[in-house]
Amino acid sequence: MYDRALQAVAKAALEPEWEAVFEPNSYGFRPGRSCHDAIKQIKICIQNKAKYVLDADIAKCFD
C-alpha cells in the first residue's frame with residue numbers, strides 16, 4: 001500500500017512536467033491517448049499524400 005502511494009505521488013509530480021516536453025504526435029503510454037488515436041492520426045497523415053510503389057529486382061546486384 002505504501003509503495004503504491006509513493007508511486008502515485010511520483011506520477012503526480014512528474015507527469016505534468018514531462019507531458020509538456022513530449023511530441024504532440026506521441027501516443028505510447030500517455031494519459032488520454034490510445035492506439036485508436038494513433039491509427040486515426042496515421043490515416044489522416046497518409047490520406048492526402050501521393051503514394052508510390054517501387055518494385056525493383058535487386059537480386060542480381062549482389063552477384
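Residues numbered from 1 in each chain as written. Predicted model: local features only at pLDDT ≥ 70, side-chain atom pairs only at ≥ 80, totals over all residues. Heavy atoms only, no water.

**Q** Tell me about the overall build of the protein chain, and please be specific about residues and values.
**A** Each helix and strand counted, the protein chain has 2 helices and 0 strands in total. What you see for the protein chain is a C-alpha radius of gyration of 21 Å, clearly larger than the 11 Å of a compact globule of 63 residues, by over 25%. Residue burial in the protein chain is summarised as follows: out of 63 residues, 2% are buried. Total accessible area computed for the protein chain in this model is approximately 6400 Å², and 62% of it derives from carbon and sulfur atoms. Of the charged side chains in the protein chain, 9 are positive and 9 negative; the average position of the first set lies 8 Å away from that of the second. (Helix = DSSP H or I, 4+ residues; strand = E, 2+ residues; numbered from the N terminus. Rg over C-alpha atoms; globule rule 2.2 N^0.38 Å. Buried < 20%, exposed > 50% of the residue type's maximum accessible area, 1.4 Å probe, protein only. Areas by Shrake-Rupley, 256 points an atom, 1.4 Å probe, with all protein chains shown as cover. Lys, Arg positive; Asp, Glu negative; His and termini not counted. Charge placed at Lys NZ, Arg CZ, Asp CG, Glu CD.)

**Q** How would you sum up helix α1 (residues 2–19)? Please name residues and give values.
**A** Relative to the 26 Å expected for 18 residues at 1.5 Å per residue, α1 spans 25 Å between its end C-alpha atoms, a close match to the ideal helical length. Largest kink in α1: about 25°, centred on A13, with the proline P16 one to four residues after it. Within α1, only 0 of the 18 residues are buried, which leaves the element largely exposed. (Expected span 1.5 Å × (residues − 1). Bend = angle between axes of the 7 residues up to and from the residue.)

**Q** Would you mind going over the state of the cysteines in detail, with residue names and values included?
**A** Counted under the stated rule, the structure contains 0 disulfides. The thiol of C45 is not disulfide-bonded; the next cysteine sulfur, from C35, is found 16 Å away. (Disulfide = S-S within 2.5 Å.)

**Q** Hey, could you go over the environment of K40 for me, with residue numbers and the actual values?
**A** On the secondary structure map, K40 appears in helix α2 (residues 35–47). K40 sits in the exposed class, given a relative accessible area of 56%. Linking K40 and E17, residues 23 residues apart in sequence, is a C-alpha distance of 26 Å.

**Q** Kindly report on a nonpolar patch on the surface, identifying the contributing residues and their values.
**A** A surface patch of nonpolar side chains, about 410 Å² in accessible area, is lined by L14, W18, V21 and F22. Note that L14 resides in helix α1. (Patch = residues over 30% accessible without salt bridge, like charges linked within 9 Å, V, L, I, M, F, W, Y side chains within 5 Å. Salt bridge = Lys/Arg side-chain N within 4 Å of Asp/Glu carboxyl O.)

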